[in-house]
Amino acid sequence: MASRKQKKQRKRVISSFLEITNGQTEETALKILNATNWNLDKAILRFNNNSNNIDEDEYEVEVDIEDEVRPPLPVVKDTLCYYPQYYQQKNPEVWESEDNSEVWGSEEPSDNKNNNNNLASLYRPPVDLMFNGSFEKAKDVASDENKWLLVNLQSPKEFTSHTLNRDTWADEAVSQTIRASNFIFWQVYDDDDDDDDDSECRKVCGYYKLDSLPVVLVIDPITGEKMRKWCGMVDPVSLLEDLLSFMESGPRDQLERATKTQLLPYPPVHEQMTAYPAVPEEPLQVARNLVCRIGVRLPDGRMIRRNFLLMDPVQLLWSFCFSQLEEANQTRQFRLTRPDPGAPKPLDYNSKMTFQESGLNNSVILVTLE
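Residues numbered from 1 in each chain as written. Predicted model: local features only at pLDDT ≥ 70, side-chain atom pairs only at ≥ 80, totals over all residues. Heavy atoms only, no water.

### Examining the overall build of the chain
Point 1. Helix and strand content of the chain: 16 helices and nine strands.
Point 2. In the chain, which comprises 370 residues, the proportion classed as buried is 44%.
Point 3. Put simply, of all contacts in the chain between residues at least 6 apart along the chain, 66% involve residues at least 24 apart.
Point 4. With an accessible surface of roughly 20,900 Å², the chain has 46% of that area assigned to carbon and sulfur atoms. (Helix = DSSP H or I, 4+ residues; strand = E, 2+ residues; numbered from the N terminus. Buried < 20%, exposed > 50% of the residue type's maximum accessible area, 1.4 Å probe, protein only. Contact = heavy atoms within 4.5 Å. Areas by Shrake-Rupley, 256 points an atom, 1.4 Å probe, with all protein chains shown as cover.)

### Quick word on the pattern of salt bridges
Point 1. By the definition in use, this model includes 13 salt bridges.
Point 2. Note that Lys-203 is salt-bridged to Glu-200, the shortest N-O span being 3.3 Å. Of this pair, Lys-203 and Glu-200 are both found in helix 11 (residues 200-207), three residues apart, which corresponds to roughly one turn of the helix.
Point 3. On the basis of relative accessibility, which here comes to 43%, the residue Lys-203 falls in the partly exposed class. (Salt bridge = Lys/Arg side-chain N within 4 Å of Asp/Glu carboxyl O.)

### Describing the sheet that holds strand 7 (residues 334-338)
Point 1. Spatially, five strands are ordered 6-5-9-7-8 in an open sheet, and the strand pairing comes out mixed. Every interior strand has two partners, whereas the edge strands, strand 6 (303-309) and strand 8 (345-346), have only one.
Point 2. Note: strand 7 against strand 9 (residues 363-369), four bridges, orientation antiparallel. Of the residues in strand 9, the one forming a bridge with Phe-334 is Leu-369. (Pairing = 2+ DSSP bridges.)

### Focus: the sheet that holds strand 1 (residues 148-154)
Where strands meet in a sheet, backbone hydrogen bonds hold them as pairs that are either parallel or antiparallel.
Point 1. Overall, mixed pairing links the four strands, which are arranged 2-1-3-4 in an open sheet. Sheet topology places strand 2 (183-189) and strand 4 (226-231) at the edges, where each strand pairs with a single neighbour. Neighbouring strand axes in the sheet, compared pairwise and without regard to direction, differ in orientation by 15° on average.
Point 2. For strand 1 and strand 3 (residues 215-219), the ladder comprises five bridges, and the chain directions are antiparallel. Within the sheet, the bridge partner assigned to Leu-149 lies in strand 3 and is Ile-219.
Point 3. The strands that helix 8 (residues 135-144) touches are strand 1 and strand 2; relative to strand 1, the one it contacts most, it runs at about 155°. (Axes fitted to C-alpha atoms, helices over the stretch in contact; angles between N-to-C directions.)

### Let's talk about the nonpolar core
Point 1. Ranked by size, the top nonpolar core spans 22 residues in total, and within it Ile-294, Val-296, Leu-317, Phe-334, Leu-336, Phe-355 and Val-367 carry the most contacts.
Point 2. When contributions to this core are tallied by element, the ones reaching two or more residues are strand 5 (291-297), strand 6, helix 15 (315-324), strand 7 and strand 9.
Point 3. Per-element accounting of this core gives the leading share, six residues, to helix 15.
Point 4. Each residue touching Ile-294, except ones within four places of it in the same chain, is listed here: Ile-304, Arg-305, Arg-306, Phe-308, Leu-317, Phe-355, Leu-360, Ser-363 and Ile-365. (Core = buried A, V, L, I, M, F, W, Y, C linked by side-chain atoms within 4.5 Å.)

This is the structure:
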């Protein structure tokens, strides 16, 4: 029987498989992943090699009844917590308190109600991740620490706001990323019963012309520019993939690069093309143990497979991807990412490694335009 941790990891692998393969069913994902011992890279390559002829009986799915089938949840009648007087912009002292049991329910089981059945606890805000203070104060701190400001504006009357708390902000990979990466997280609620247009939530909505909640934003704290926007529910895996470009450097670093770009314009296309080494012929008549096979997902959705010699420098992967971009996109910078479940890994052009040293054999690489 799979452990709870294994179940969680498998859900992430299934989600990554479905996102990369576009339009496949969860049943197909389960069959292929079981056949490849839950190795995402091997499963993707196996799917691509047999995408036009997938035999449903070819893969045996090992089903652990205790894993896949569970008894129905008991019926629970309760009310989601809705205490406008406790929201951050109204009463920030609550978040500073070590004991929030008066708002979100006791952490210890009592004779009357067990915390596991307390809906208020299930949908509680991510207090341990949230910045305590106003929007302007959060911007100042993020600017001083060279971090991006990750903003979540919510309405307590929209159930999607509560599912964000339960499924996205409570996700272990998301919470670890916010703590360890270049982000300050600020969440605030809009009180629909309050006519005060000067509330923190409504001021931010007015500034960024937002007309529906919930919404998630990435803000440059230096310039105040809205860098990214998500409306409604955001899947944890999708959120992490979209935040990947913000994890490598802070807003001050980006501003410095933008300043240099204005002073030193992009070189002509032919100069950019010669920046990458020439692509050699594909080694087709070579023993398999001497070849690194890689699948590349291009920005236009195409999937291309290519062989490289294990002793070739990994920079050739950039050369190949550049040669496959549409002509209109060849003046734009791009990044290569290995979409590992929960923690996508960007590739480093300056690593100077060979394909054998990089461990990219039988991997799928995503090409993302800047």
